[in-house]
Amino acid sequence: MDRDTLLRRLMEADFALHETVLYLDTHPKCKRAYENYKQMQKAREELAEQYRKRFGPLTYYEVRSTDGWNWTDYPWPWQN
Amino acid sequence: MWIYDKKLQYPVNIKTPNAALAKLIISQFGGPDGELGASMRYLSQRYTMPYRDVIGILTDVGTEELAHMEIVCAIVYQLTRNLTPEQIKEQGFDAYFVDHTTGLYPVAASGVPWNAYTFQSTGDAIADITEDLAADATTTKEQPLFRGAENP
């Protein structure tokens, strides 16, 4: 999967997760939504891990580069 | 995009409410040199910066200013908890209270609501960074005001 495709998958997973979070915030007892959340949480983390390994950190908590600080590397999200 | 960390960057545990002090400290939220303006300044300027390291630091400092804003709001919130109507009047908090009760509203100590006119984003790297230096220097001017208020 190329960078753009993987990034799009991650954006979709994050969006789906986020909307489920909004629902759960006002429906914390909904078991179906919470099951859904757990599935999406896992899917999201797998995509994020793939992305980090191949294209660098998504947040500054995840910098693991062996050749120095790569957090500020191009591209920034608005540059395409 | 952004995500929220459910913690303060530095703890706030105020034991004695003090609305008079809250009236001054709220300027660090919505005043001309407050954290909201600081955050918006850096986060607005970063797009046109021609260097990746400057984009990086504006992003990270702009994000940190939001964390500072949360600390300031926590301070104001705790300083204005459990006040009696008498205390609200005596401590000069009545004018704020009539408009916002104890809700957090981004406003200067002088009563002027937060305004984007308090900062600039020019698209010129040198102009913007110089403005950032000027803005950052304003943090030193508030310190004497709050001396003695370290452990309220």
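Shown above is the structure to which this text applies.
Parameters and conventions
Residues numbered from 1 in each chain as written. Chains lettered and ligands numbered in written order. Predicted model: local features only at pLDDT ≥ 70, side-chain atom pairs only at ≥ 80, totals over all residues. Heavy atoms only, no water. Contact = heavy atoms within 4.5 Å. Buried area = accessible area lost by both parts, 1.4 Å probe. Salt bridge = Lys/Arg side-chain N within 4 Å of Asp/Glu carboxyl O. Polar contact = N/O pair within 3.5 Å; in protein donor to acceptor, adjacent residues only side chain to side chain. Buried < 20%, exposed > 50% of the residue type's maximum accessible area, 1.4 Å probe, protein only. Helix = DSSP H or I, 4+ residues; strand = E, 2+ residues; numbered from the N terminus.

Q: Is there a simple way to explain the interface of chain B and chain A in this structure?
A: Accessible area lost on assembly of the parts is the figure often given for the size of an interface. Across the contact, 12 residues belong to chain B and nine residues belong to chain A. Carbon and sulfur atoms supply 59% of the area that chain B and chain A bury against each other, a total of about 960 Å² over both sides. When residues of chain B are sorted by the area they lose upon contact with chain A, B:R52, B:I55 and B:D60 head the list and together hold 51% of the total. Joining chain B to chain A, the criterion identifies one salt bridge. The shortest N-O distance in the salt bridge between A:D73 and B:R52 comes to 2.6 Å. Taken together, the connections running from chain B to chain A amount to seven residue pairs in polar contact (both at pLDDT 80 or more).

Q: In this structure, what is going on with helix α3 (residues 35–45) of chain B? I would like to understand it.
A: Counting along an α-helix, one turn takes 3.6 residues, and residues three or four places apart therefore face a common direction. All names here are of chain B. For α3, the buried fraction is high: nine of the 11 residues fall into the buried class. Among all positions of α3, only E35, L36, G37, A38, S39, R41, Y42, L43 and Q45 are buried. Summarising the contacts, the buried residues of α3 are in contact with α2 (27–30), α4 (52–79) and α7 (125–137).

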